[in-house]
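Take a look at the letters that make up each chain.
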Protein chains: 2
Amino acid sequence: MITQDLHSQLELRWANIKEKMDKKNVNAIILSSSANLFYTAGRVFNGYVYIPLSGEPLFFVRRPLGLIVGNIIYIKKPEEIKDQLNRLGLSIPKTLALEADTLSYNEYQRINAIFPDSKKENASILLREVRSIKTDYEIEKMRESAVKHAAVYSHVEAVFEEGMTDDEMSIELETKARRLGNLGIFRIFGSSMEIFMGSVLAGDNADTPSPYDFAMGGEGMDPSLPVGANGTVLKPGMTLMIDMGGNFTGYMTDMTRTFSVHELKSKLAKDAHNLSIAIQDMFKKEAKPGVAVKDLYQMAIQMVKDAKMEKYFMGHRQQASFIGHGVGIEINEIPVISPRSPHVLEKNMTFALEPKFVIPGVGAVGIENTFLVTENGIEQMTKFEEKIQELF
Amino acid sequence: MITQDLHSQLELRWANIKEKMDKKNVNAIILSSSANLFYTAGRVFNGYVYIPLSGEPLFFVRRPLGLIVGNIIYIKKPEEIKDQLNRLGLSIPKTLALEADTLSYNEYQRINAIFPDSKKENASILLREVRSIKTDYEIEKMRESAVKHAAVYSHVEAVFEEGMTDDEMSIELETKARRLGNLGIFRIFGSSMEIFMGSVLAGDNADTPSPYDFAMGGEGMDPSLPVGANGTVLKPGMTLMIDMGGNFTGYMTDMTRTFSVHELKSKLAKDAHNLSIAIQDMFKKEAKPGVAVKDLYQMAIQMVKDAKMEKYFMGHRQQASFIGHGVGIEINEIPVISPRSPHVLEKNMTFALEPKFVIPGVGAVGIENTFLVTENGIEQMTKFEEKIQELF
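Residues numbered from 1 in each chain as written. Chains lettered and ligands numbered in written order. Predicted model: local features only at pLDDT ≥ 70, side-chain atom pairs only at ≥ 80, totals over all residues. Heavy atoms only, no water.

Undergrad: Give me the overall build of chain A: which residues, what numbers.
TA: Scanning chain A from N- to C-terminus turns up 10 helices and 17 strands. For 392 residues, the compact-globule estimate of 2.2 N^0.38 gives 21 Å, and chain A sits close to it at 22 Å. Projected onto the principal axes, the alpha-carbon positions of chain A cover approximately 75 × 40 × 35 Å. Each of the 392 residues in chain A was classed as buried or not, and the buried ones make up 62%. Of the roughly 14600 Å² that chain A leaves accessible, carbon and sulfur atoms contribute 50%. Between the averaged position of the 44 positive side-chain charges in chain A and that of its 51 negative side-chain charges there is a distance of 4 Å. (Helix = DSSP H or I, 4+ residues; strand = E, 2+ residues; numbered from the N terminus. Rg over C-alpha atoms; globule rule 2.2 N^0.38 Å. Buried < 20%, exposed > 50% of the residue type's maximum accessible area, 1.4 Å probe, protein only. Areas by Shrake-Rupley, 256 points an atom, 1.4 Å probe, with all protein chains shown as cover. Lys, Arg positive; Asp, Glu negative; His and termini not counted. Charge placed at Lys NZ, Arg CZ, Asp CG, Glu CD.)

Undergrad: Mind laying out helix 5 (residues 123-132) of chain A, listing which residues take part and the relevant values?
TA: Count 3.6 residues to each turn of an α-helix, and residues three or four apart come out pointing the same way. Summarising burial for helix 5 of chain A: 8 of the 10 residues are buried, a large majority. N-capping of helix 5 of chain A is provided by Asn122 of chain A, with a side-chain oxygen placed 2.8 Å from the backbone N of Ser124 of chain A. (Polar contact = N/O pair within 3.5 Å; in protein donor to acceptor, adjacent residues only side chain to side chain.)

Undergrad: Report on the environment of Val304 of chain A, specifying residues and quantitative values.
TA: All names here are of chain A. By the secondary structure assignment, Val304 is in helix 10 (residues 293-306). Of the residues examined, Val304 reaches a relative accessible area of 1% and is grouped as buried. Residues Val304 and Ser276 lie 28 residues apart in sequence; the distance between their C-alpha atoms is 9.0 Å. Leave out the neighbours within four places in its chain, and Val304 touches Leu275, Ile279, Met309, Glu310, Phe313 and Phe357. (Contact = heavy atoms within 4.5 Å.)

Undergrad: Quick one: what's the story with the nonpolar core, residue by residue and with numbers?
TA: Judged by nonpolar contacts, the single largest core of 84 residues is most densely connected at Ile17 and Ile29 of chain A together with Ile17 and Ile29 of chain B. Not counting residues up to four positions away in its chain, the partners in contact with Ile17 of chain A are Ile29, Tyr39, Thr40, Ile51, Leu126, Leu127 and Val130 of chain A. One finds Met164 and Phe248 of chain A together with Tyr153 and Leu234 of chain B within the second-largest nonpolar core, a separate group that totals 52 residues. (Core = buried A, V, L, I, M, F, W, Y, C linked by side-chain atoms within 4.5 Å.)

Undergrad: Tell me about the packing of helix 8 (residues 166-179) of chain A against helix 8 (residues 166-179) of chain B, and name the residues and values.
TA: Each packed pair of helices is defined by two parameters, the angle between the axes and the distance between the axes. Between helix 8 of chain A and helix 8 of chain B, the shortest axis-to-axis distance is 10 Å and the interhelical angle comes to 170°. By the angle between their axes, helix 8 of chain A is roughly antiparallel relative to helix 8 of chain B. Contacts between helix 8 of chain A and helix 8 of chain B involve Ser170, Ile171, Glu172, Glu174, Thr175, Arg178 and Arg179 of chain A from the first element and Ser170, Ile171, Glu172, Glu174, Thr175, Arg178 and Arg179 of chain B from the second. Grouping the amino acids of the contact of helix 8 of chain A with helix 8 of chain B by side-chain chemistry returns 2 nonpolar, 4 polar and 8 charged. (Axes fitted to C-alpha atoms, helices over the stretch in contact; angles between N-to-C directions. Parallel < 35°, antiparallel > 145°, perpendicular 65-115°, else oblique. Nonpolar A, V, L, I, M, F, W, Y, C, P; charged D, E, K, R; others polar.)

Undergrad: Before we move on, can you summarise the environment of Asp83 of chain A with the specific residues and values?
TA: For Asp83 of chain A, the location among the structural elements is in helix 3 (residues 80-87). Accessibility expressed as a relative area gives 48% for Asp83 of chain A, which makes it partly exposed.

Undergrad: Could you give an account of the relation of the copies chain B and chain A, with specific residues and numbers?
TA: Expressed as a screw transformation, the operator carrying chain B onto chain A has a rotation angle of 180° and an axial translation of 0.0 Å, and the superposed copies differ by an RMSD of 0.0 Å. Here the two chains are linked by the operation of a two-fold rotation axis. Most of the interface of chain B is mirrored in chain A: 100% of its interface residues are interface residues there too. (Least-squares fit on C-alpha atoms with pLDDT ≥ 70 in both.)

Undergrad: Describe the interface of chain B and chain A, and please don't skip the residues or the numbers.
TA: In this assembly, 56 residues from chain B lie in contact with 56 residues from chain A. Interface of chain B and chain A: buried area, both sides summed, is about 4600 Å²; carbon and sulfur atoms make up 53% of it. Summed over the three residues of chain B that lose the most area to chain A, namely Arg63, Tyr105 and Phe196 of chain B, the buried surface amounts to 15% of that side. Applying the counting rule to chain B against chain A returns 8 salt bridges. In this structure, Arg187 of chain B engages Glu194 of chain A in a salt bridge whose closest nitrogen and oxygen atoms are separated by 2.5 Å. (Buried area = accessible area lost by both parts, 1.4 Å probe. Salt bridge = Lys/Arg side-chain N within 4 Å of Asp/Glu carboxyl O.)

Undergrad: Describe the sheet that holds strand 4 (residues 71-74) of chain A, naming the residues involved and giving the relevant values.
TA: All names here are of chain A. Across the sheet, 6 strands lie side by side as 4-3-2-1-5-6; this open sheet has mixed pairing. Across the chains shown, the open sheet's two edge strands, defined by having one partner strand only, are strand 4 and strand 6 (119-122). Averaged over all pairs of adjacent strands, the angle between their axes in this sheet comes to 25°, without regard to strand direction. Bridge count between strand 2 (residues 46-52) and strand 3 (residues 58-63): 5 bridges; the pairing is antiparallel. Bridge pairing links Val49 to Phe59 in strand 3. On the sheet, helix 5 packs against strand 1 (28-31), strand 5 (95-98) and strand 6 and is oriented at approximately 90° with respect to strand 1. (Pairing = 2+ DSSP bridges.)

Undergrad: Give a detailed account of the environment of Ile388 of chain B, specifying residues and quantitative values.
TA: Residue and element names in this part refer to chain B. Considering the arrangement of structural elements, one finds Ile388 in the loop between strand 16 (378-380) and strand 17 (389-391). Judged by its relative accessible area of 19%, Ile388 is buried. A C-alpha to C-alpha distance of 9.8 Å links Ile388 and Glu263, two positions 125 residues apart in sequence. Those residues in contact with Ile388 that lie beyond four places of it in its chain are Thr258, Phe259, Ser260, Leu264, His273 and Val365.

Undergrad: How would you sum up the side chain of Arg178 of chain A? Please name residues and give values.
TA: In this fold, Arg178 of chain A is placed in helix 8. Here Arg178 of chain A falls in the buried class, since its relative accessible area comes to 13%. A distance of 2.8 Å separates the side chain of Arg178 of chain A from the backbone oxygen of Asn182 of chain A, its partner in a polar contact. Beyond its immediate sequence surroundings of up to four residues, Arg178 of chain A is in contact with Leu183, Gly184 and Met197 of chain A together with Ser170, Ile171, Glu174 and Phe196 of chain B.

In structure tokens form, the structure reads like this:
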């Protein structure tokens, strides 16, 4: 059941989408990915949201029966969308945007064939742009996730036991997260990336290259999911990097903390960790609306170069090409904080900054936090001790 | 590192794929979905497997560095595939199969543009067909998953506590599953379905219609993931249906058991549950290589009609259109056991049979098991008490 509050929230999102459609000369948009259904309908269903530039959105629903969300039309096949537009006296859009980055080729072609005369635009990009600027309602949802996310990390010390493995630690934290309301699902834009609830990396396993563009890797527990914990026994002198997803509300926060098994003796690792915090401090000073994220990336890289830490930054055997990313319904939204990123910070963007290092023989160090871009700067949403915490 | 055993296993799979390619007049195939990479390379990576009808497969790898799997060629962009084929003196395929059901439209078009003159076929279907017949190695992996899967269910009685909620039960079982080696990831073919580790349904929540073609629904804990447990307090007289995924090896088993909170008094629910077991008994008698699954479906439906149980079968407010499905790397493989299914049982297919009922005011009943098609019949892989077990 849709609540009045959610309804006005959805109206605001539809208006934001239409504003972007107008700028891009798009007359209508069809959405069916889970992330975009959740964004535009307030829930996931099986079907399509049709948003015309003028007029109310139409919800073409295959399943579930009994859905209450707005102008609902039950259909069995997407071909019925056109019949329904005709029946309602609505015009066939001159330019129609489809989710070209998430629809499969066959799904896209099927909808394409229903509207052969409409010029096509990419709805995936359009929605990513709109969704990058969070509404107040969404910011509240992210704050809620952030608080619960931090609460999960508060259990690390108590959960630690001598001789435990990285995957045992991961399972304990997953359970804590689920009990605090984590929904489990880790939404990633793009078809190919897979990760479970997050990643716990101990010692040199952090240096195992990942199939994905991640700073950290991890062999994983099975070649079908070669990411994260690999059964490493936690031993003194190793670091333990905890990087779990924080999807408690349909909105994710991203957050990493580094622990050490007993005392951390490596000066290099300590220096690298402090540099991560210093890069975050630089962001707190420099990041604000109007700043190009590629300039922030350059400032961060310069700090790393000045400290002669390049070969450990964002991975060692394999390095990631970015130091931060937008977060929201998905873990990899706009802006992408990378050397050639076209993105410029805007008020109410939310992003995770993760300047991390991998020190061979020790493990991963550094922190990650989720930030909200405010009128004059950025606000840290994920709050928890940032120093390396020693586990005994 | 690839082991010798895995290598000969992969060679067998490549040969099976080539046999199917030959039948379909396909000269080469390009794969990049996680499921098909795992199947053809023994692990997930970021890149493409290129299988020519004649000659060794080529592994075009973007990440991770240091991968050891066969003929590896590191690339940055898919456009390099063509240059590499030219360099190796390999011909451009006349007919090329691409994963039209899993590649996004944009990804497909990008590869399409590299091979503009090649006729295109659907690699998604081809691989689904090949993968539906499991090799002995894969069957062993599934047996391993099945044993661990059953072990998870053995904890239900001990985990049950008066006044607990369905999601609390779910979290406890997820944790048990993870500790037994469940990888967590629940792989589903097709872009739109999302589920976490499985579903635990208590009482009338089982009757909440699902966005997906599932017999059981469940409101879920959040509209962003409207499936499964919804926080229902377990109360006497309710049934509790446990349907978790069994991905312990990269290969999934599927299995459902029904419990009741204290004594189950509803005769209708008990009768329906017994009918589920009777349908399974019918399958054990009738299912074997050469049998069309749609005929088995009809026999099952006839049993339901004879018992006048149609309105509760495979859901009540919303009903599913199938009673079983192939399982393997993904949860929804071939064969699909539905009224108009074209699939015929073959030796070494593996499928889950799930004749279920939803009884209003009580909850879901029925069982689900994963079966292997043998030379003369079927063999049950998931073994655990099938009667409704009362929880106190």
